[in-house]
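# Coordinate inspection notes
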Amino acid sequence: MKWMKQHKFLTGAIFLLLCCAGIVFYIFTEMIHTPVQSSEEVNKTINESSGKLAEIDLSNNPFPTGGATITEDQLQKYLHGMSHQKVEAEDKWVHFEITEERILYLIKQIESDKKAFDNSDLYLDILSRWLENDYSEADRDHNAIWSLQGGTIGKATGLLSEEEELKYLEENRSKIK
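Residues numbered from 1 in each chain as written. Predicted model: local features only at pLDDT ≥ 70, side-chain atom pairs only at ≥ 80, totals over all residues. Heavy atoms only, no water.

### Considerations on the environment of Leu148
What counts here: Helix and strand assignments follow DSSP, with helices taken as H or I runs no shorter than four residues and strands as E runs no shorter than two, numbered in order from the N terminus. For each residue, the accessible area found with a 1.4 Å probe, counting protein chains only, is set against the maximum for its type, and the residue is called buried under 20%, exposed over 50%, and partly exposed in between.
Mapping Leu148 onto the fold places it in helix α8 (residues 138–148). Look at Leu148 and you get partly exposed, because its relative accessible area is 38%. Taking C-alpha positions, Leu148 is 9.3 Å from Asn119, a pair spaced 29 residues apart along the chain.

Right, here's the structure in full:
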């Protein structure tokens with residue numbers, strides 16, 4: 001204690017350094033989205049849906065924006081907009097309803113050319129869980145995509161309850177594509 005009083009500046013600097021390190025650690029752990037499923041689980045889910053995937057026509061984009069082939073930016077926009085149905089966030093600008101057809105379409109787009117998408121493993125992890133109606137990590141999914149897009153406003157802070165989701169769908173019916 002006596003040493004700390006004698007070296008106030010050094011003590012303050014050490015304290016400040018520890019606080020900054022804690023903040024940086026928190027930010028980096030929040031930004032990094034580690035897949036919830038192993039690649040084997042993702043592949044198993046996709047393989048189990050191979051019959052449905054075969055029926056998907058890539059030339060028929062089920063989203064109202066975009067053409068037959070999509071870019072990584074469009075894929076992120078679709079995922080981000082669909083996640084809004086499931087998450088609490090202060091601001092939501094893009095709204096796409098989650099449907100099995102859309103999930104399968106995005107999976108098939110990624111599977112048709114994985115090299116075209118830098119983050120294909122992340123996208124397939126998210127989509128394979130959503131295909132199984134597992135939205136328990138939708139807030140983390142949203143924030144992972146939001147971070148890739150350089151998001152600064154509208155970070156997801158949690159999941160909507162079933163009632164809140166229905167209210168969101170009803171209140172935004174005219175905006176949801």
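Moving on from the coordinates now.
### Notes on the packing of helix α6 (residues 100–112) against helix α7 (residues 120–131)
As a reminder, the rule being used: Fitted lines through C-alpha atoms give the axes, limited to the stretch in contact for helices. The angle between two N-to-C directions lies from 0 to 180 degrees. When describing relative orientation, an angle under 35 degrees is termed roughly parallel and one over 145 degrees roughly antiparallel, while 65 to 115 degrees is termed roughly perpendicular and anything else oblique. Helix crossings are classified by the rotation of the near helix relative to the far one: an anticlockwise turn of less than a right angle makes the crossing left-handed, while a clockwise turn makes it right-handed. A contact between two residues is defined here by any heavy atoms of the two lying within 4.5 Å.
Between α6 and α7, the least distance of the axes is 10 Å, while the angle of their chain directions is 150 degrees. Comparing the axis directions of α6 and α7 gives the class roughly antiparallel. The interaxial crossing formed by α6 with α7 has left-handed handedness. Listed contacts from α7 to Glu100, Ile103, Leu104, Leu106, Ile107, Ile110 and Glu111 of α6 are Ser120, Tyr123, Leu124, Leu127, Ser128, Trp130 and Leu131.

### Focus: the packing of aromatic side chains
Our working rule: Here the aromatic set is Phe, Tyr and Trp, taking the six-membered ring for Trp, and pairing holds for ring centres within 6.5 Å; pairs whose planes are under 30 degrees apart are stacked, those over 60 apart are edge-to-face, and all others are tilted.
Enumeration over the complete set of coordinates arrives at five aromatic pairs. Ring centres 3.8 Å apart and planes at 5 degrees place the aromatic pair Phe63 and Tyr78 in the stacked group. Of this pair, Phe63 sits in the loop between α4 (50–55) and α5 (72–83) while Tyr78 sits in helix α5, placing them 15 residues apart in sequence. For the pair formed by Phe63 and Tyr78, the shared burial category is buried.

### Quick look at a nonpolar patch on the surface
Let me state the cut-off plainly: A patch is a set of surface residues, each over 30% in relative accessible area and not in a salt bridge, joined within 9 Å for like charges and within 5 Å for the nonpolar side chains Val, Leu, Ile, Met, Phe, Trp and Tyr. Only the protein chains shown count as covering a residue, and every accessible area follows the Shrake-Rupley method with a 1.4 Å probe. Here a salt bridge means any side-chain nitrogen of Lys or Arg lying within 4 Å of a carboxyl oxygen belonging to Asp or Glu.
A grouping of Leu10, Ile14 and Leu18 is seen on the molecular surface, where their side chains present a nonpolar patch of about 280 Å² in accessible area. By secondary structure assignment, the location of Leu18 is in helix α2 (residues 8–31). When its relative accessible area of 59% is taken as the criterion, Leu18 is described as exposed.

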